[in-house]
Amino acid sequence: MTLAKTEAAGGPGLLPQVLAFSSSLTLDKQLLREDLVGSLAHVTMLGRTGVIPRDAAQTIRQGLIALWERADAGTLALPEEEDVHMAVEVELNRTIGPPAALLHSARSRNDQVATDLRLHVRESAAKALDSVAAFVGELAVRARAEKDVLLPAYTHRQRAQPVSLAYWLASYGAAFLRDAQLLAFVLEQCRLSPLGVGAISGTSLGIDREVTRTLLGFEGATLNGLDTVGDRDFALDYLYATARLLVHASRLSTDLIDFTTAEFGFASLSGDISMGSSMMPQKKNPDVFELIRGKSGRAVGNLVGLLVTVKGLPGGYNRDLQEDRASLLETGPLLHGSLEVLRLALPRVTFHPDRCRAGVDEGFTQATDLAEALVKKGMPFRKAYQVVGSLVRRCQEQGVTLAQATVALGQSVDASLDGPTLAVLEAAGAVARKQSAGSTGPQPVARQLDELDTQAKALAEKSKSVPRLEVVYTRLKEAAL
Ligand code: ARG
């Protein structure tokens, strides 16, 4: 007899179509390890507090450990049930018999699923935090290696001002650092254990939530059961963090897709990350970056999907919440897959300093630097803006770049445009003169890179301090009753 046919799940009269419609097992299976760990902690607590006899608790523990080991070995086929929680209970009953009936004392699937999901999000967020912190460090290393390459920075996708490639790389470092901080916040939102609040209002049995929360590596127990069973805020935070991180990955990808076009010519991809066309033999496509950009759309969809699921719900548990599973479980592979490929791909992008530099010169990007040189000589900025604007037009008429402007040409525009002033048009010098905090000058960039390194290291430490499922399991397996 399976649980789906018991009173607990609708009774023997439940239509098979309804059972099939309501089952989340196909997706829930991915939460098997979380579910087993949660049950191990719960039954250990039940045994210690005397809510169930110790010997029964011991038998159940051994049964759960055996299930974990079979799952690890790939030999566990879960029975067709409404969800993973029931499937585990049925399988446990099949292997250890009557003591299995004691496991669900003082527990509901409502606090059980809330626990599984927090464990899942904690695991995934810790893994992503580790990876994104490493990526920030890698961006800093790459930036130091590329500090002499100059390229135009763009506003409105028009060439704007000269910057170093290091500065461009550091800009993404700064964005991904914020994502690492956001993942650390997600981990904080997962730090309390839902286990023990039961279906909605707690239990009259003598449980101890401190025991389960300690065994599962949570820092405390949630405050209020009615809130706990309907709360998916930690999941929303995780989905938002993922969506935002992938949006950053998508913008980086778009830059690289553009940079590797023949029109830009700033960079090219190595053969092991570029893809061909089935028809056009000459093609070398940036599919990997297009896919990252494409997948970011799915991450945004997952966030919106869960927001819509929770938005109209009354307080407490509602079965609608089961629909969190698709968005939530898809997010891990999206997040880890995109990060992994991004970290593999970036070192395989080669920048072409000459083409980047040509973009700087052809784009009149040092115009602001020249205006600022006039400001330094005492000219009001608005006047300097006009003078340099006239010089740019004169250069365009004559078909020369700003750096090629002669003193005679400068003098024909304004007496202030003398030789020493025009010398600021040399792009490397223009970049080097930027000393303000957060700017593209070599010293400010060096400080930015040091900051990225320091903060990324601290965040990687945070990730290491998160108890991973495997460790929690080993601890539980060895825990005394
Ligand atoms: N499969 C359910 C879910 O994922 C578990 C909780 C069921 N609770 C209930 N009251 N029917 O949300």
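The structure we're discussing is the one just above.
This is a predicted model, so every value here is computed, not measured.

Another point: the overall build of the protein. For the protein, the helix and strand inventory stands at 20 helices and 6 strands. Its C-alpha radius of gyration of 30 Å places the protein more than 25% over the 23 Å reference for a compact globule of 481 residues. C-alpha atoms of the protein, sized along the principal axes, occupy 100 × 50 × 40 Å. Here the protein, with 481 residues, has 52% of them falling under the buried criterion. For the protein, the share of sequence-separated contacts (at least 6 apart) that also reach a separation of at least 24 residues comes to 77%. When the accessible area of the protein is evaluated, it comes to approximately 21,400 Å², of which 56% is carbon and sulfur surface.

Where charged atoms of side chains with opposite charge meet at close range, the side chains can pair. Applying the stated criterion to the full structure yields 31 salt bridges. Here arginine 325 makes a salt bridge to aspartate 28, at a shortest N to O gap of 2.7 Å. Taken together, the residues arginine 325 in helix 12 (residues 324-345) and aspartate 28 in helix 2 (residues 25-28) connect sequence positions 297 residues apart. Across this residue pair, the class does not change: arginine 325 and aspartate 28 are buried. The partner of glutamate 82 in a salt bridge is arginine 319, with the nearest N and O atoms 3.0 Å apart. Here arginine 319 lies in the loop between helix 11 (287-311) and helix 12 and glutamate 82 lies in the loop between helix 4 (54-73) and helix 5 (84-96), a separation of 237 residues in the sequence. Judged by its relative accessible area of 4%, glutamate 82 is buried. For arginine 319, a relative accessible area of 35% translates into the label partly exposed. Overlapping salt bridges, with partners in common, bring together Asp28, Arg232, Asp324 and Arg325 in one network.

Close contact between helix 6 (residues 109-145) and helix 12 brings their axes to 10 Å; oriented N to C, the two are set at 15 degrees. The pairing of helix 6 with helix 12 is recorded here as roughly parallel in orientation. As helix 6 packs across helix 12, the resulting crossing turns out to be left-handed. In contact with Val113, Leu117, His120, Val121, Ser124, Lys127, Ala128, Ser131, Val132, Ala134, Phe135 and Glu138 of helix 6, helix 12 contributes Asp324, Arg325, Leu328, Leu329, Gly332, Leu335, His336, Leu339, Leu342 and Arg343. The class makeup of the residues in the contact of helix 6 with helix 12 is 12 nonpolar, 5 polar and 5 charged.

Quick look at the layout of surface pockets now. In this structure, the largest pocket occupies an estimated 440 Å³ of space. For the largest pocket, the lining is made up of 16 residues, of which Tyr154, Trp168, Ser171, Tyr172 and Asp255 are closest to its centre. Of all the secondary structure elements, the ones that give two or more residues to the lining of the largest pocket are strand 1 (150-155), helix 7 (165-189) and helix 10 (233-259). With 6 residues, the top contributor of residues to the lining of the largest pocket is helix 7. Across the lining of the largest pocket, the residue classes tally to 10 nonpolar, 2 polar and 4 charged.

This brings us to the site of the ligand. The local shell around the ligand consists of Ser24, Asp83, His85, Arg109, Asn110, Val113, Tyr317, Gln322 and Arg325. Within the side chain of arginine 325, an N or O atom sits 2.6 Å from an oxygen atom of the ligand. If the ligand stood free it would expose 340 Å²; the protein chains cover 85% of that surface. It is helix 6 that contributes the most residues to the shell around the ligand, 3 residues altogether. Residues that form the shell around the ligand fall into these classes: 2 nonpolar, 4 polar and 3 charged.

Time to look at a nonpolar patch on the surface. Together, Val247, Val300, Val304, Leu307 and Val308 give the surface a local cluster of nonpolar side chains, amounting to about 360 Å² of exposed area. Tracing the sequence through the fold places valine 304 in helix 11.

Below, the discussion takes up the pairing of strand 2 (residues 158-164). Where strand 1 lies against strand 2, 6 bridges are found, and the strand directions are antiparallel. The residue of strand 2 that forms the bridge with leucine 150 is serine 164. Connecting the antiparallel pair strand 1 and strand 2 is a turn made up of 2 residues, with histidine 156 showing a positive phi of about 55 degrees.

As a further point, take unusual backbone geometry. Phi at alanine 106 is positive, roughly 60 degrees, even though this residue is not glycine. As for its position among the elements, alanine 106 is in the loop between helix 5 and helix 6. Even without a glycine there, the phi angle at histidine 156 is positive, about 55 degrees. Within the secondary structure layout, histidine 156 lies in the loop between strand 1 and strand 2. The exposure class assigned to histidine 156 is exposed, which follows from its relative accessible area of 74%.

Turning our attention to the packing of helix 3 (residues 32-49) against helix 5. At a minimum axis separation of 10 Å, helix 3 and helix 5 run at an interaxial angle of 60 degrees. For the crossing formed where helix 3 meets helix 5, the hand is right-handed. Mapping the contact onto sequence places Leu32, Asp35 and Leu36 in helix 3 and Val84, His85 and Val88 in helix 5. Per-class residue counts for the contact of helix 3 with helix 5 are 4 nonpolar, 1 polar and 1 charged.

Cut-offs and rules
- Residues numbered from 1 in each chain as written.
- Predicted model: local features only at pLDDT ≥ 70, side-chain atom pairs only at ≥ 80, totals over all residues.
- Heavy atoms only, no water.
- Helix = DSSP H or I, 4+ residues; strand = E, 2+ residues; numbered from the N terminus.
- Rg over C-alpha atoms; globule rule 2.2 N^0.38 Å.
- Buried < 20%, exposed > 50% of the residue type's maximum accessible area, 1.4 Å probe, protein only.
- Contact = heavy atoms within 4.5 Å.
- Areas by Shrake-Rupley, 256 points an atom, 1.4 Å probe, with all protein chains shown as cover.
- Salt bridge = Lys/Arg side-chain N within 4 Å of Asp/Glu carboxyl O.
- Axes fitted to C-alpha atoms, helices over the stretch in contact; angles between N-to-C directions.
- Parallel < 35°, antiparallel > 145°, perpendicular 65-115°, else oblique.
- Left-handed = near helix turned anticlockwise from the far one by under 90°.
- Nonpolar A, V, L, I, M, F, W, Y, C, P; charged D, E, K, R; others polar.
- 1 Å grid on protein atoms, 1.4 Å probe; cavity = no way out; pocket = protein on both sides within 12 Å on 5 of 7 lines; lining within 4 Å.
- Points joined across faces, edges and corners; volume = space filled by probe spheres on them.
- Near = heavy atom within 4 Å.
- Polar contact = N/O pair within 3.5 Å; in protein donor to acceptor, adjacent residues only side chain to side chain.
- Patch = residues over 30% accessible without salt bridge, like charges linked within 9 Å, V, L, I, M, F, W, Y side chains within 5 Å.
- Pairing = 2+ DSSP bridges.

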